[in-house]
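The lines below spell out each chain.
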Amino acid sequence: PVFYFGEVEYRVDESDGQVEVRVLRAGTDLSKTATVTVRSRKTEMASAEAGVDYVGISRNLDYAPGMNQQTFRLTILDDLGQPVLEGPETFELVLCMPVNGILGQPGKTTVFINDSVSDLPKVQFQEALYMGEESDGRIPATVYRSGDISYKSTVRCYTRQGSAQVTTDFQERPNTDVSIITFLPGEAAQKCVLSLVDDTVHEEGEELRLVLGNHKSESPFGASVGELKETTILIKDTADKSIIKFGETEFSVGEPKEAGSVSSLKIPVLRLGDTSKLSVVRVHTKDESATSGEDYHPVSEDVKFKPGQTEHVVEVEVLYDGVREMREVFTVHLKPDDNMVAETQMTKAVVYIEETSGVADVAFPSLPHVVSLLHYEAISKTSQKLHPPAGYPIVCVTACNPKYPDYDKTGSICVSEHINNTLSRYRWLVSAPAGPDGVTTPMREVDFDTFFTSSKMITLDSVYFQAGSRVQCAARAVNSNKDEGLELSSPIATVSLEEGMCQPRKVGTVGAGPFSAKLRYTGAEDPDHPNLLKLTVAMPHIDGMLPVISTRPLSNMELTLSPDGTRVGNHRCSNLLDYSEVTTGHGFITPMARNAESVGDTFPYQHSTPMRGDNTLRFYKNLNLEACLWGFTSYYNMSELLTDCGGTIRTDGQVLNLVQSYVTLRVPLHVSYVFHSPVGAGGWQHFDLQSELRLTFVYDTAILWKDGIGSPPQAELQGALYPTSMRVNEQGRLVVNFKTKARFRGLFVEANFEGRIKSTASSLSSMVMCEDNPGLTFNLSLVRSEATYNQPVQQWTFTSDFAVHDYSGTYRVNLIPCTTAQNMEYTVPPVCNPREPVTFHLDIRFQQVSEPVSLEFSLNTQIFLLSKRNLWLSDGSMGFGQESDVAFSEGDTIYGLVMVDPVQNLGDSFFCNIEKVYLCTGADGYVPKYNPTNFEFGCLAESPSLLYHFKILDKAQPETQARGFGDVEFNAMLAADDPSALSLVRQPGTDGFRLDSTAMFQVAAGREWFIHTIYTIRSKDNANHGIGKRSFEYHHSLVATGNDLSITPGVKGQGHRVRRSASGLVGAAVPDVADDIGADNNRGTNIMHIALDRTKRRAAAGVELYADRLEPRELSRGEGEEGLPTVVGGLVGMLLTFLLIIILVLVVRYRQKEERKERVRGSASTEAMMVARMDDCSNSSEV
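Per an unreviewed UniProt entry, the protein chain carries the name FRAS1-related extracellular matrix protein 2-like and comes from Salvelinus namaycush.

What follows is the structure, encoded as structure tokens:
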């Protein structure tokens, strides 16, 4: 055997850590064990050092019998701690001292160690993104060097502009040696500093790139650039953001001293940051305790900041009103920038009007007291230490008030000082409840009113305080000359923590509780609010709570609750509006100040107008204080809910030829539980809840088409879709026509127009999809469009590509909006910018229900519903024409007729026997069908799809049939049970029934009724054989054409079918009677729609318009119109009748001869021929 290395040389990078070497053994006899020694040694030039560059080796390689190679690993040492670039180094491995073998070639191999890649000096950025502010003037980016850093190296760090531009945003670092960064020996990091250009123009975030290149090193092996050789620089410009604000938040001005003079207050409006663009903000005043027009001239003006302008002064004039009064307040507000350039801050400033005239020499003789209105009647008997309970108003009792405890002493002083207590001026101060540590907050004046109460009255409403609050009143005396005197403040009173009208579950806490809201239709019978939608909201009351209800989102409670008119425009359907402010027909607040059913006051002064005010009482009329429950009720019509209240409407499906639609009305409802907070922002804290009220009803389709179907509220571009018609064409395909109106400048398009529409990233096209039937595809086309870009009306149509039985489902219509500039004129084709599709959801309920019962179950029969008794009793040989398509009025009798199809002339050979009659109406527009394969059984069984279901006739078990609907009788009767219908009973192939239509008018308009009959069809010869047996001789060849049935022979021995639903679930409820329906059992079924006319009523349901057997066409003839043609016609008819009788006699004699021949031949048919009435063999079972 010969030992030798697998390779002549091995090359390895220093960072690999090891090298794998193979030693092979070859020869003809490898059956013995063998050994060879491997040793490492230096080479003569560029030798690697053992222990420094690699781990030396001297080891034996043992070969077992049959083994032909050995592999070992040699460790390579890497100078990771301090990389040193050494260049390629080598050492050798040699084989020696073989045992049971000899040395072959190659017996020596060379290992090359190369560190020129891993230890090569390499530079790259430390981060992929660096950000900085323009105002800082510079952004440093760290450049990191790795590998052998013992040499000096340089690298270029240069810029490449992006959205940031050279010279305007930053100083360029060119790709030259000017942009060199130098690394001294041992340095691993340096900064590449980018200098920024700081200007005064605000710019959004801008970007550029820093790039590394041309890395040079003193190392003899050169240098390289790492993977992160580029970094992104993001320049932000926060300091130049344009800001507009008031110079101060509080201003003070003295009231003029003389009539006719004014005091001027200058309010500076400042603009900071970028002043290069035009900004327009609106400044307006708002009443607080001061009244515009009396105390100051109101201001509402646009302030324009031209480019470069930093300050604008708004001047407000304060008036002399001649009334001595306390300090009054109004506020000045900033609206957002119309051009959306500048940000507004400090948008509210408070202006105090100081009273400069001297006060009258008058004052109350004693301090006022604060007591609860509950105790106002008996203050003298009430302990002074009694805390006012929470949840009820408090009153400020002055020393000149007869209710004052010491009025017997102070009353005479008030008279001598000519103090008129009815003119006394009040103001209130409130502080938040003390904390758990007993620390209290300062008293703050309640200087803002709400829409229903004022903070300057003798009473303070309970919404301004809560359990534990500290309250204080300040009263100013006024003499008979209306001169105001000194102000006295009452001792501070603390609202009780233990006693309250409607305390929260946990004392000292406030929050939102559950509420209930209902929306229902009042109906035409409502005496006060007919045909309106009643909105009712009930919510629990907590002491100090102010309930706010609106159909619009609630925010900025300080402005929402204020008395000014802002809330009138924003919240048209809310309890924020007094009855005189309501723009709809009705509102939550009515003119009545108390409930009509309430007698007397439940609590003292609960309904006192002088103490509380009419506005307050009208609002609190909705509070049941004994039950601690708010109840708000209002009435709206449909248009108000849609236009004023923010409601939306969507269709749930179509009902019968699009005359009416199932519609869902959605009304958003926002409920806020508001509490006063002396320390909160704006003075109020609120807990907001949101709900949505839904009402589903049947509505005229025309109304729906008028208002249209809107696009989703979150869509960027809005539009409306108006269905105009819907039908199934001759091929059974659905055809829908609709109009659209774009609520943006532009129009809807089908797809991109050959380059006239600007190209987009992806190809867009308008399309229609059915969410409930994804496989159903449609062809959408634009029929016509108005020649304008200003919200055009466009006509569209889409047609299904193939026909299906049921088109019901939600259809998603995606239309491509294409926007244009304001100055763009209309062209054909349009030039516009396509945007993301706008989606409309159109709910369609459309079924092809011309055959509600499959032909295989109708047994070649027809069902007619007639309104005239004489037609019902006729033989139908002349047809019924339009008389079978009549609509029944309330009180009409409905005459039902089931007969074998007269087209086939089979009626004389069969008997028809009605067994059961059912009456039903579908839920949500469902049209009942009989198709057991799909588990649909029409009116035979209870189903979630059926709203009402009655069995009105059962021949076998009449005791189980329904007699009426509510208290209205059906008066249903089979023709076989009606003695006056004997002529109908005797007719072959025909049977009938009748019922009263009045009961079907007990449900609301829009419900459609269907009659479902079960009957047997038997041949004459099998009239006595019972149900389920058929004659093959008479029925196997009866094949109908067109829409008629093929009557096929039954299959004997067929067992009951497995009861399995369409989904495959065994055990579903299948009506027993359905098992027997089909040609096999001679039992058929059919369904007929009952058309009702709700526009008129018949005076008497039982009065017949025509005599028996008198055809309607005979009524048009005059009595004297019968002439010669009539006589000739009669003679011809008699002649034809005589010929027919002769033919019948001959046929009967021929058949009798044939029967005698059959008996002679021993025929098996021994049954006697007989004519049986239809009820001779009725063998029905209960369903």
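K.L.:
How do you make sense of a nonpolar patch on the surface when you look at a structure like this?
P.N.:
Residues Leu1135, Leu1136, Phe1138, Leu1139, Ile1142 and Leu1146 make up a contiguous nonpolar surface patch of roughly 600 Å² in combined accessible area. Considering the arrangement of structural elements, one finds Leu1135 in helix H12 (residues 1124-1160).

K.L.:
Got a minute to help me understand the sheet that holds strand E23 (residues 300-305) in this structure?
P.N.:
Note: strands within a sheet are paired through backbone hydrogen bonds, in either parallel or antiparallel orientation. One open sheet holds the five strands; their spatial order is E20-E27-E25-E22-E23, and the pairing between them is mixed. The open sheet terminates on both sides in strands that have one partner only, identified here as strand E20 (250-254) and E23. Between one strand and the next, the sheet's axes are offset by a mean angle of 25°, whatever the strand orientation.

K.L.:
Got a minute to help me understand the sheet that holds strand E54 (residues 861-866) in this structure?
P.N.:
With antiparallel pairing, four strands are arranged side by side in an open sheet as E54-E56-E64-E63. What marks the edges here is a single partner per strand, and that holds for E54 and strand E63 (973-974). The pairing of strand E56 (residues 893-900) with strand E64 (residues 990-996) spans seven bridges and is classified as antiparallel. The residue of E64 that forms the bridge with Tyr895 is Arg994.

K.L.:
Explain the pattern of salt bridges here, please?
P.N.:
Once the charged atoms of two side chains with opposite charge are near each other, the side chains can pair. According to the stated counting rule, one finds 30 salt bridges in the structure shown. Linking Arg73 and Glu20 is a salt bridge whose minimum nitrogen-to-oxygen distance equals 3.1 Å. With a gap of 53 residues between them, Arg73 in strand E6 (residues 69-75) and Glu20 in strand E3 (residues 18-26) connect regions that are remote in the sequence. Assessed through its relative accessible area of 53%, Arg73 is described here as exposed. Where Glu49 meets Lys42, a salt bridge forms, and the shortest distance between an N and an O atom there is 3.4 Å. A residue is classified by how much of its surface remains accessible, and Glu49, at 35% relative accessible area, is partly exposed. In this structure, a network of salt bridges that share partners links the residues Arg425, Arg427, Glu445, Arg476, Glu484 and Glu487.

K.L.:
Explain the packing of aromatic side chains to me, please; I cannot follow it from the model alone.
P.N.:
Think of a pair of aromatic rings as described by two things: how far the centres are apart, and how the planes are tilted against each other in angle. Following the criterion strictly, the structure yields 33 aromatic pairs and no others. A ring pair is formed by Phe738 and Phe798, whose centres lie 6.0 Å apart and whose planes are at 55°; its orientation type is tilted. Taken as a pair, Phe738 in strand E46 (residues 734-742) and Phe798 in strand E50 (residues 793-800) lie far apart in primary sequence, 60 residues in all. Here Phe738 and Phe798 have matching classes, each one buried. Measuring from centroid to centroid gives 6.1 Å for Phe965 and Trp1009, while their planes differ by 65°, and the two rings are edge-to-face. In this pair, Phe965 sits in strand E61 (residues 964-965) while Trp1009 sits in strand E65 (residues 1009-1019), placing the two residues 44 residues apart along the sequence. Each member of the pair, Phe965 as well as Trp1009, carries the same accessibility label: buried. Site record: aromatic cluster; members linked through ring pairs are Phe451, Phe452, Phe588, Phe619, Tyr620, Trp630, Phe632 and Tyr636. In this structure, Arg11 packs its charged tip against the face of Phe112, placed 4.1 Å from the ring centre. Between the NZ or CZ atom of Arg612 and the centre of the ring of Tyr620, over which it lies, the distance is 4.9 Å.

What counts and what doesn't
- Residues numbered from 1 in each chain as written.
- Predicted model: local features only at pLDDT ≥ 70, side-chain atom pairs only at ≥ 80, totals over all residues.
- Heavy atoms only, no water.
- Patch = residues over 30% accessible without salt bridge, like charges linked within 9 Å, V, L, I, M, F, W, Y side chains within 5 Å.
- Areas by Shrake-Rupley, 256 points an atom, 1.4 Å probe, with all protein chains shown as cover.
- Salt bridge = Lys/Arg side-chain N within 4 Å of Asp/Glu carboxyl O.
- Helix = DSSP H or I, 4+ residues; strand = E, 2+ residues; numbered from the N terminus.
- Pairing = 2+ DSSP bridges.
- Axes fitted to C-alpha atoms, helices over the stretch in contact; angles between N-to-C directions.
- Buried < 20%, exposed > 50% of the residue type's maximum accessible area, 1.4 Å probe, protein only.
- Phe/Tyr/Trp six-rings, centres within 6.5 Å; stacked < 30°, edge-to-face > 60°.
- Lys NZ or Arg CZ within 6 Å of the ring centre and 35° of its normal.

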